[in-house]
Every structure is written in C-alpha cells, then in structure tokens.
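# Geometric and topological summary
Each chain, written out:
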Amino acid sequence: MFDFDTPIDRLGTYCTQWDYVEDRFGKKDLLPFTISDMDFETAPCIQAALQARLAHGVLGYSRWNHADFKQAITGWFLRRYGADLDADHLVYGPSVIYIISQLIEEWSARGEGVLVHTPAYDAFEKMITANGRHMLVSPLIKTAQSYEINWPQFEAQAAREDCKVLLLCSPQNPTGRVWTTAELLRMAEICQRYGVKVISDDIHMDMAFEPYVPWSEVAADNQWALVSSGSKSFNIPALTGAYAFIADPSARAQYLTQLKAAHGLSSPSILGVIAHISAYTEGDAWLDSLKSYLQANLQYVEKTLNQAFPELNYRAPQGTYLAWIDLSPLHIDMDALQRCLIDDYEVAIMRGDTYGDEGEGYVRLNVGCPRVKVARGMEALIGALQKQRSPQ
C-alpha cells in the first residue's frame, strides 16, 4: 500500500541530516545515517490534511486545548496500547525536550541530580547540565541478546539524597530496549520508595517491536509525566509540537504557567496540530507498514553484519530505527574508522561515544531510509572495518 523503497532527494531542502552534515563530520556531500529523522515522506493522510489547511490560506494564531487534539492523542493510546489516559492531564509543548526541561526545573533545584540510563540520547546531558543539574548515570549491562538494568546500582543512585528525578527513555535510545512491565513496575516501586519523580520520554513508543507499556500503566503515584510526540513516528519534526500527560494537578498548572506566561509558547503551529490529529486518527495503516519495513531494515543489518563479522553477534533492537552496534570485539581504532568512512566511502555514521562513555567502541546507524541506502551504508561500514583489520 505504501512505498518506502523509492529514494527521495532531500538535498537543498534545508535538511539537517543531509544539507548540514559538514557541521558534525567536517565534509560535505556525505551519505548520512545520523540524526534520528527518516528519509520517507510522511503518511498520505497527513499530507492531505496539511494541503487542505494550506488551501484555506490563513495561518493565524491557533490553540491546542480542544477536544479534537486531545481526544486524538488519548484515542491513540487507548486503541494502540490499551491505556485509558485522562485528556484533562494533557498539555502541549513545542518539543519533547522543552517539556522535559521545564519539568526538571519544576521538580528539582540547581545542583540536584537527574537519573538516566546510559548510554543516553546526547541531548539529555546537555539539557540537564544547562539547567544547572547533574546527570546521575545508571549504565545498562550488555548481554548476549540485549541490554539489562543493573538493579543494585540503579537503586543506589535513586536512594541518593540529591536524586530527584528519573528521566526514563522508553523505548531506550540508543540501545533500543523496550522495557517490560516487570522492569517498569520495579523502577516505579524504587522511585516511589525514595521520593523520585519520573519523566518518561516515550517519543519512540510507536517504533517498539515488543509490547510497549506506557508509564501510566505502572505508576505507583501521581508524581510522573509521560512526554511524547508524533514527530518520530510520522516523520514530522519540522512541524514542531509535543505533548505530555502530567498526572499531578499542581505540577500541571505550574507547567502551563511557564508555557503561557513565562515563555509565551502556548500558541502552537496549526500545521503541527493538524498533523497530529490526522496521524492519530487516520495513520494506523501507514505506521504499521512503516514498522514492518523498519524492522526488516534492522534484520538486514543484523544478517549482513554477522555474516561479515560473526564475532560481533549483533542483534537487532527491540525498538527504534537505530542500529546500536558494538564494534569492540574487533579492537578497531575508532578515529581511524571514522576517517575511513568519511574519506574513502563518503559516509557519515554516528560514533557511539556521542552518547556517553558507555558508547565507546559503538556506532549508531539510522536505518529510517530505503533499503538501498541501508545496503550502501552496510557496504561502507563493512568495507571500512575490513580495511582497519587488514595489515597496513
């Protein structure tokens, strides 16, 4: 029904991943597998809704606090995940990171700690540090099949007097872990025991290939927020817009005061609002097809990489469209590998240490693209790895 195979030329469209790859990699015109947006057109239902709105011709101030927007979101959670969330708990924000940042300021003081599983999305540490807090890390343990929580270490961090917030990434970026109900319940119990509030960043929720459970279904109290957006799922980040369910009424009121009065950001992009309504009311079939395609891309990476280097034992993630690849068994010089990828293969792949010390020896490959591009990326990565292993 939907075409994910035909490449679309994104050059010359002010595209961060393609047009500005030189900013991070020092060279123009590289084939990028970098930041987590996709090279696919968004769902036809969204395109049609946007075209209809643009045909109207007026793009004035708009609102998000109405039934069409809020019920589209709650309906999505109920239909897709069996979670009956309260529409009155829903708030808007210009981005997921903005909402998280405001909640961290609200729920902690300068100098206090925010607990994060690592390796972690690099914007987390930047945002936490910029807000005058410090990041308390809980490194995940790599197993033969996946990544697991170090429970004694996690609880010790949560028990610290300065630990005020758990910033959970669900599914986790970059490892792709989809947390089980048992894991979420255990985290909820620990956080309640030590008075740690929870912010769950669920922006990758629709890209889970294992059952995704919203935090609302395991929360032990009302000291939590679930933050998300349709931006990753439907490839609409440029339209802006995110939302959160904030369970505690006083916390919700304080957030809205910051959004409206302090920052003047309560009037959303009308195109972002319309895109979310269309996505969450009409986008199921497109998303289901996309997920199948992305999972096949990840399985292609697993098969191709393990055929070339069986010792890597790479496993496709449980969620996201990001291949998190541990190259440490090959004892590769990562600086030399990066130079080879850029200079010899003209390919840009994110280094794992971008996401913290636990990412050393890894690369993160974005497979949200046509299969032919994934194949080129794998050919380049395998070729560069073989060059680094060959006698010089």
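Small disclaimer: the values here were computed from a predicted structure and weren't measured.

### Points about the overall build of the protein chain
A count of helices and strands for the protein chain gives 14 helices and 13 strands. Over its C-alpha trace the protein chain gives a radius of gyration of 21 Å, about what one expects of a compact globule, namely 21 Å for 392 residues. Taking the principal axes of its C-alpha atoms as reference, the protein chain extends roughly 65 × 55 × 35 Å. A burial count over the protein chain gives 56% of its 392 residues as buried. Partitioning the intrachain contacts of the protein chain with sequence separation of at least 6 by distance along the chain shows that 75% fall at a separation of at least 24. Counting only carbon and sulfur atoms, one obtains 49% of the accessible surface of the protein chain, whose full area is about 16,300 Å². Averaging the locations of the 33 positively and 48 negatively charged side chains of the protein chain gives two centres separated by 1 Å.

### What about the side chain of T118?
Considering the arrangement of structural elements, one finds T118 in strand β3 (residues 113–118). Judged by relative accessible area, which is 2%, T118 ranks as buried. Beyond its immediate stretch of four places on either side in the chain, T118 contacts M135, V137, S138, P139, L140 and E358.

### Focus: the nonpolar core
Judged by nonpolar contacts, the single largest core of 138 residues is most densely connected at F77, L167, M187 and F234. The greatest single-element share of this core, amounting to 8 residues, is contributed by helix α12 (residues 284–308).

### Focus on the sheet that holds strand β8 (residues 197–201)
Across the sheet, 7 strands lie side by side as β2-β10-β9-β8-β7-β3-β4; this open sheet has mixed pairing. In this open sheet, the two strands that pair with only one neighbour each are β2 (90–93) and β4 (134–139). Each neighbouring strand pair of the sheet contributes to a mean axis angle of 25°, computed without reference to strand direction. Where β3 and β4 come together, 6 bridges link them in parallel fashion. The residue bridging V116 from the neighbouring strand is V137, located in β4. Here helix α7 (residues 151–158) sits on the sheet in contact with β3, β4 and β7 (163–169), set at roughly 160° to β4. Relative to β2, helix α10 (residues 249–262) is tilted by about 25°, and along the sheet it contacts β2 and β10 (242–246).

### Some points on the sheet that holds strand β12 (residues 347–351)
Either a parallel or an antiparallel arrangement is found when strands of a sheet pair, and the pairing is made through backbone hydrogen bonds. As summarised here, the arrangement of the 4 strands in space is β1-β12-β13-β11, forming an open sheet in which the pairing is mixed. Because the sheet does not close on itself, it has two edges, and the strands there are β1 (31–33) and β11 (322–326). Averaged over all pairs of adjacent strands, the angle between strand axes in this sheet comes to 35°, irrespective of strand direction. Contacts between α12 and the sheet are confined to β11 and β13 (362–366), with β11 contributing the most and set at about 25° to the helix. The strands touched by helix α14 (residues 371–389) are β1, β11, β12 and β13; relative to β1, the strand with the most contacts, the crossing angle is about 95°.

### As for the environment of T240
With respect to the helices, strands and loops of the structure, T240 is situated in the loop between α9 (231–234) and β10. Along the primary structure T240 and S95 are separated by 145 residues, whereas in three dimensions their C-alpha atoms are 6.4 Å apart. The residues contacting T240, other than those within four sequence positions of it, are P94, S269, G272 and H276.

### Here's the deal with the packing of helix α4 (residues 67–81) against helix α11 (residues 270–282)
It is at 9 Å that the axes of α4 and α11 come closest, and there the two elements cross at 30°. Relative to α11, α4 is oriented roughly parallel. The way α4 lies across α11 gives a crossing that is left-handed. From α4, D68, F69, A72, I73, W76 and R79 reach across to α11, where they touch V273, H276, I277, A279, Y280 and T281. Of the residues in the contact of α4 with α11, the class split is 8 nonpolar, 2 polar and 2 charged.

Reading guide: rules and limits
- Residues numbered from 1 in each chain as written.
- Predicted model: local features only at pLDDT ≥ 70, side-chain atom pairs only at ≥ 80, totals over all residues.
- Heavy atoms only, no water.
- Helix = DSSP H or I, 4+ residues; strand = E, 2+ residues; numbered from the N terminus.
- Rg over C-alpha atoms; globule rule 2.2 N^0.38 Å.
- Buried < 20%, exposed > 50% of the residue type's maximum accessible area, 1.4 Å probe, protein only.
- Contact = heavy atoms within 4.5 Å.
- Areas by Shrake-Rupley, 256 points an atom, 1.4 Å probe, with all protein chains shown as cover.
- Lys, Arg positive; Asp, Glu negative; His and termini not counted.
- Charge placed at Lys NZ, Arg CZ, Asp CG, Glu CD.
- Core = buried A, V, L, I, M, F, W, Y, C linked by side-chain atoms within 4.5 Å.
- Pairing = 2+ DSSP bridges.
- Axes fitted to C-alpha atoms, helices over the stretch in contact; angles between N-to-C directions.
- Parallel < 35°, antiparallel > 145°, perpendicular 65-115°, else oblique.
- Left-handed = near helix turned anticlockwise from the far one by under 90°.
- Nonpolar A, V, L, I, M, F, W, Y, C, P; charged D, E, K, R; others polar.

None of this, on its own, says anything about what the molecule does.
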